[in-house]
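An overview of the molecular structure
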Amino acid sequence: MSDSNGEAPAPKGGVLSVLKRLDDGLSVVERQLLGWSIVIMAVNTVANVIMRLGFSSSIFFSEELNQFLIILVTFVGISEAARMGRHIRMSAFTDMLGPQASKIMMIIITLGTAALLFLLAWYSIGYVSSLIQSNRLTPALRIPYYFTVLIVPFGLTVTGIQFVLAAATNIFRPGTHLSYRVEDTFSDADDHHL
Amino acid sequence: EEWKFAHEESPGDVQDLYAQEFKRLVEEKTNGDVTVTVYTYGQLGTENDITELTTAGAVQFSNASPGHLGTFVPEIQVFGVPYLLSQDNEVNKEVLSSSPTIYEGLSKDFESKGLKLYTMYPEGEMVWTTKKKVTQPSEFDGVKFRVMTSPILIESYESFGADPVALPWGEVYSGLQTSVIDAQVNPIFFIESAKFYEVTDYLIYAGQQQYTTTVVSNAAFYEGLSDERKDMLKEVKSELDDFIYEAQQKANAEALDRIKKAKPEIEVIRLNDEQRAAFKEASAGIGDSLVKEVGGDTEEVLKALRKEFGTEM
Amino acid sequence: MDLGTTILIVMLVLLVLGFPMMVPLTMASVVAFTFYMPIDPKILIQQMVTGISPVALIAVPMFIFAADIVTKGHTANRLIDLAMTFVGHVRGGLAVTTALGCTMFGAVSGSTQATVVAMGGPLRPKMLKAGYKDSFAMALIINASDIAFLIPPSIGMIVFGVVGKVSIGELFLAGIGPGILILLMFSAYCVFYAKRNNIPTIPRMSWAERGKAIVNAGPAIMFPVLIVGGIYLGWVSPTEVAAVSVVYAIILEVMIFKSVKWSELLEIARSTGLITAVVFILVGAGTTFSFVISFAQIPQHVIGALGLEGANSYLILAAICIAFFIGCMFVDPIVVILVLTPIFMPLVRDAGLDPVLVGTLVTLQVAIGSATPPFGCDIFTAIAIFRRPYYEVIRGTPPFIFMLLLAAVILVFVPQIALFLPTMAFR
Ligand code: NA
Ligand code: NA
């Protein structure tokens, strides 16, 4: 499942190219976070098994660490997935549209999705601040509970921005684009991999 | 007017008995002006979620038990200290339903989190189900004991001599079956409904703890009620104090009968005073380490409760 | 308009218009929170986080990681060679090999799509060369990959176990019987198809060649032994076995087969993380949606309206199968499990039905739905990797869907096919 399929040439021009470089940097950071989170999850879980079987004890923060990592992976990953045009969607209807109509539809979809994500980001700031007020601690590590969800508003916002960029790419460039990097070419079937 | 009451157990379990009777009494006493909708476990998320829903005012009443409530109101963890409660259940009932330490002291800690502590009641003794006979701390050697991931519980079972193991709730049955773990602890009605007795050989009553749960209400909601409604709720609470005390004893006794019938070879062991004293002594330091860990007014609460329960060291 | 109707319309419209699937689910929740339920919308985020937090769900990225490693490596080809040396010479042998290969790969992978990719890639060209029609080859690959959902590990079973509070270990064992039943039905159909279409056979392999294939594939066949054995012997919980299988996949592909380099593992992990996020945001959105319908007590109304309360247990099983089948025709299977399971579990408990049997049936329906038009993630995967038009990909599926539905009916009336193994092991 190659992501290079239909990759659009980098947008040129001042603001866009600065944005592009910023986003490239962010993408590198996000991909590193994703990879290492998955690796640490595996090491953490296996280490817990070894501790239990070999040393009759267990790593008490093991579950908590895994929960933290899975929240991190989810909310970091959705923005990288948006950047790569990898979110699962049902395209049967839009596939039947002509190029002009499908372009307009894609602008509506990306802008609508961005608006929803910004709204959710706003809600999640409310959630995080209510957790900060409550002083809740996690049961095993006894760290403030809000630490584990700080990534949520960040991830939702960055993902929203990705969809705005996708909308802008559709408006200013020819063709239909799933994201500002990925054009909707043969079909968007690449996005249905699990 | 609709009040929502969310609890942490399945239909027919002790918390559900309480919630259903609460519903019946409230609806009767308000002539149907108030209807109570009861949500059982899983419908609105986890235990933590329903407490958050209560603080947010989305539900008006909910059960919250020390296991997870400790992350909201840390002082409540004193109820996890082994041998804090009396071995005499009449004393426990009296203290849990009217203790000034709970309803005046601890209650403030709840209010600071936007919760009104409505009531507290025991759901029955926490019973060990084990694959190995254990009557003294030394026999816990090498026993992998599943506890919830709460430092106080972990320390308690370490002090008893066991190897505490964390395992998600859903994996406890198969964990016992396949010896990933050798023991777990729960009230007897729960052991029966989760069928843990099928995969263990001993039911051990060590008297270390009662499963105590609280019913909390949204503080702003409660304060905003008319005096008439508040009086009604107080009346309901005192009627339910007696109701739930009997209901939980009956539920646990019936559950034990069903277990014995389903598995006659299971050995039920009630530790005698001397044996209990050994576990009590082994875990004597847990109260102090909790005080050190949580701070605040934990020390005073613990001291006052020990006095009320008559379990001073 | 009442809440139920409104959110259903919002969801369907946004879904059909082609919005990313997290949008219809969360938008329906936003509408419910804004116009129908006087609750702080932060609860919506709380439910989303809660949905992805259960510890057992860690098994999903771990099994995906293990599958990603072996998909990149040699496991698939060695399993195909093994199946080929044993059944290649019978009439329809290559088709049977495909069914058998998908089943074996299913024991390595928890996802049907991974199986479509790993098995479909090498097997479809072979089948075309042997004279099978493309529509038959693609339909076989898509539907045989469904068996991966039933044979442990299974992502669908993990999610069902978490949401329905059912033992994942028992569910895993319960999937094996039905998985083999379907394999046998498909194999029979393959033989019949090859006879009718006069597909030539290949020569029988010698026992020496078979021995060599067994040795080659040996470490790969150890996967299911490790997964089932590890759980059964009590070394590891079903959650942990997923992480252990990652270690095993690394030993296999990096150290034994040397088909994946150490340096590639981090890149594979990144791709696993990305796929995990795409799935888990749906898990979170699905949990929020399911909170909304629980809070509004919609299940009680629906079940009351359908007259299912206290109904005959066969009727309840039929209702569950139909609901999941239809749901999966339109929406991602994980979402369907998240949303529908809480609706039906109280009914299942009241009727005294075995939740493990229900979980197996649900998993089967979900697997069927993934390969059933109009929408199906296996179909989309096949379109993507085979680069064939939608219509051609689905043209050959009806006989397979018929067999799968037949398997569901058999399972309802002979539940022992599923319950035999968990009963022996755990009860
Ligand atoms: Na599988
Ligand atoms: Na489908």
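Residues numbered from 1 in each chain as written. Chains lettered and ligands numbered in written order. Predicted model: local features only at pLDDT ≥ 70, side-chain atom pairs only at ≥ 80, totals over all residues. Heavy atoms only, no water.

1. Regarding the overall build of chain C
Per the secondary structure count, chain C includes 22 helices and zero strands. The C-alpha atoms of chain C give a radius of gyration of 21 Å, which matches the 22 Å a tight globule of 427 residues would have. Overall size of chain C, expressed as C-alpha extent along the three principal axes, is 70 × 50 × 45 Å. Relative to its 427 residues, chain C shows a buried fraction of 67%. Restricting the contact set of chain C to residue pairs at least 6 apart, pairs at least 24 apart contribute 79%. (Helix = DSSP H or I, 4+ residues; strand = E, 2+ residues; numbered from the N terminus. Rg over C-alpha atoms; globule rule 2.2 N^0.38 Å. Buried < 20%, exposed > 50% of the residue type's maximum accessible area, 1.4 Å probe, protein only. Contact = heavy atoms within 4.5 Å.)

2. Some thoughts on a nonpolar patch on the surface
Residue and element names in this part refer to chain A. A cluster of nonpolar side chains, contributed by F61, L141, I143, F147 and L150, occupies part of the molecular surface with about 410 Å² of accessible area. Position of F147 among the secondary structure elements: in the loop between α4 (99–134) and α5 (151–172). By relative accessible area, which is 39% here, F147 ends up partly exposed. (Patch = residues over 30% accessible without salt bridge, like charges linked within 9 Å, V, L, I, M, F, W, Y side chains within 5 Å. Areas by Shrake-Rupley, 256 points an atom, 1.4 Å probe, with all protein chains shown as cover. Salt bridge = Lys/Arg side-chain N within 4 Å of Asp/Glu carboxyl O.)

3. Here we look at the nonpolar core
Counting 205 residues, the largest nonpolar core has F75 of chain A together with F136 of chain C as its most contacted members. With 17 residues, helix α14 (residues 262–295) of chain C is the largest single contributor of residues to this core. Y121, A194, F221 and I266 of chain B belong to the second-largest nonpolar core, a separate cluster that totals 47 residues. (Core = buried A, V, L, I, M, F, W, Y, C linked by side-chain atoms within 4.5 Å.)

4. A few points about the interface of chain C and chain B
Interface size is commonly expressed as the accessible surface area that is lost when the partners come together. Taken together, the contacts link 27 residues of chain C with 23 residues of chain B. Carbon and sulfur atoms make up 57% of the area that chain C and chain B hide from each other, which totals about 2000 Å². For the pair chain C and chain B, the number of links is zero salt bridges. At the surface where chain C touches chain B, the tally comes to five residue pairs in polar contact (both at pLDDT 80 or more). If you list the elements that add at least two residues to the side of chain C that touches chain B, you get α3 (42–52), α12 (207–232), α13 (238–256), α14 and α22 (416–426) of chain C. Take the side of chain C that touches chain B: its biggest share by element is five residues, from α3 of chain C. Looking at side-chain class alone, the side of chain C that touches chain B contains 14 nonpolar, ten polar and three charged residues. (Buried area = accessible area lost by both parts, 1.4 Å probe. Polar contact = N/O pair within 3.5 Å; in protein donor to acceptor, adjacent residues only side chain to side chain. Nonpolar A, V, L, I, M, F, W, Y, C, P; charged D, E, K, R; others polar.)

5. What about the interface of chain C and chain A?
Taken residue by residue, the interface counts 63 residues in chain C and 60 residues in chain A. Carbon and sulfur atoms supply 78% of the area that chain C and chain A bury against each other, a total of about 5600 Å² over both sides. The largest share of the area that chain C buries against chain A comes from I45, R270 and L274 of chain C, three residues that together contribute 11% of it. Linking chain C to chain A there are one salt bridge. Two residues, R31 of chain A and E267 of chain C, come together in a salt bridge whose shortest N-O distance is 2.9 Å. Remark: the boundary between chain C and chain A carries two residue pairs in polar contact (both at pLDDT 80 or more).

6. Description of the pattern of salt bridges
With the rule as written, the count across this model stands at 23 salt bridges over all chains. Measuring nitrogen to oxygen at the nearest pair gives 2.8 Å for the salt bridge that ties D23 of chain A to R83 of chain A. Highlighted residues: D23 of chain A in helix α1 (residues 14–55) and R83 of chain A in helix α2 (residues 62–83), separated in sequence by 60 residues. For E235 of chain B, the salt bridge identified is with K29 of chain B, shortest N-O distance 2.9 Å. Placement of the pair is E235 of chain B in helix α10 (residues 227–262) and K29 of chain B in helix α1 (residues 14–29), with a sequence separation of 206 residues. Among the charged side chains, a network of salt bridges with common partners joins D23, E30, R31, E80 and R83 of chain A together with E267 and R270 of chain C.

7. A look at the packing of helix α5 (residues 100–111) of chain B against helix α13 (residues 298–309) of chain B
Residue and element names in this part refer to chain B. Between α5 and α13, whose axes approach to 10 Å, the crossing angle comes to 165°. If you check the angle between α5 and α13, you find them roughly antiparallel. Classified by chirality, the crossing of α13 by α5 is left-handed. For the pair α5 and α13, contact is made by P100, T101, I102 and L106 and by V301, A304, L305 and E308, respectively. In terms of residue class, the contact of α5 with α13 is built from six nonpolar, one polar and one charged. (Axes fitted to C-alpha atoms, helices over the stretch in contact; angles between N-to-C directions. Parallel < 35°, antiparallel > 145°, perpendicular 65-115°, else oblique. Left-handed = near helix turned anticlockwise from the far one by under 90°.)

8. Some points on the UniProt feature "transmembrane region" (unreviewed entry) in chain A
Residues and elements named next belong to chain A. Sequence positions flagged by UniProt for "transmembrane region" (unreviewed entry) are, in local numbering, residues 33–53, 65–83, 104–125 and 145–172. Overall, residues 65–83 shows 100% helix and 0% strand. The separation of its end C-alpha atoms is 27 Å. The span residues 104–125 shows a helical share of 100% and a strand share of 0%, and its end C-alpha atoms are spaced 32 Å apart. (UniProt positions renumbered as here; feature names shortened; annotations may be inferred.)

9. Observations concerning the pairing of strand β1 (residues 2–6) of chain B
Residue and element names in this part refer to chain B. Judged by how many residues are buried, β1 sits mostly within the fold: four of five residues are covered. One ladder, built from five bridges, connects β1 with strand β2 (residues 35–39); its direction is parallel. Counterpart to E2 in the pairing with β2 is T35. Note on the crossover from β1 through α1 to β2: the handedness is right-handed. The pairing of β1 with strand β3 (residues 61–64) spans two bridges and is classified as parallel. Residue pairing across strands places F5 opposite F61, the latter belonging to β3. (Pairing = 2+ DSSP bridges. Right-handed = clockwise from strand over helix to strand, strands pointing away.)

10. Description of the side chain of E63 of chain A
With respect to the helices and strands, E63 of chain A occurs in helix α2. Buried and without a salt bridge, E63 of chain A has R146 of chain B as its closest oppositely charged side chain, separated by 6.6 Å. Setting aside anything within four residues of it in sequence, one finds E63 of chain A in contact with T149, A166, L167 and P168 of chain B together with V55 of chain C. (Lys, Arg positive; Asp, Glu negative; His and termini not counted.)

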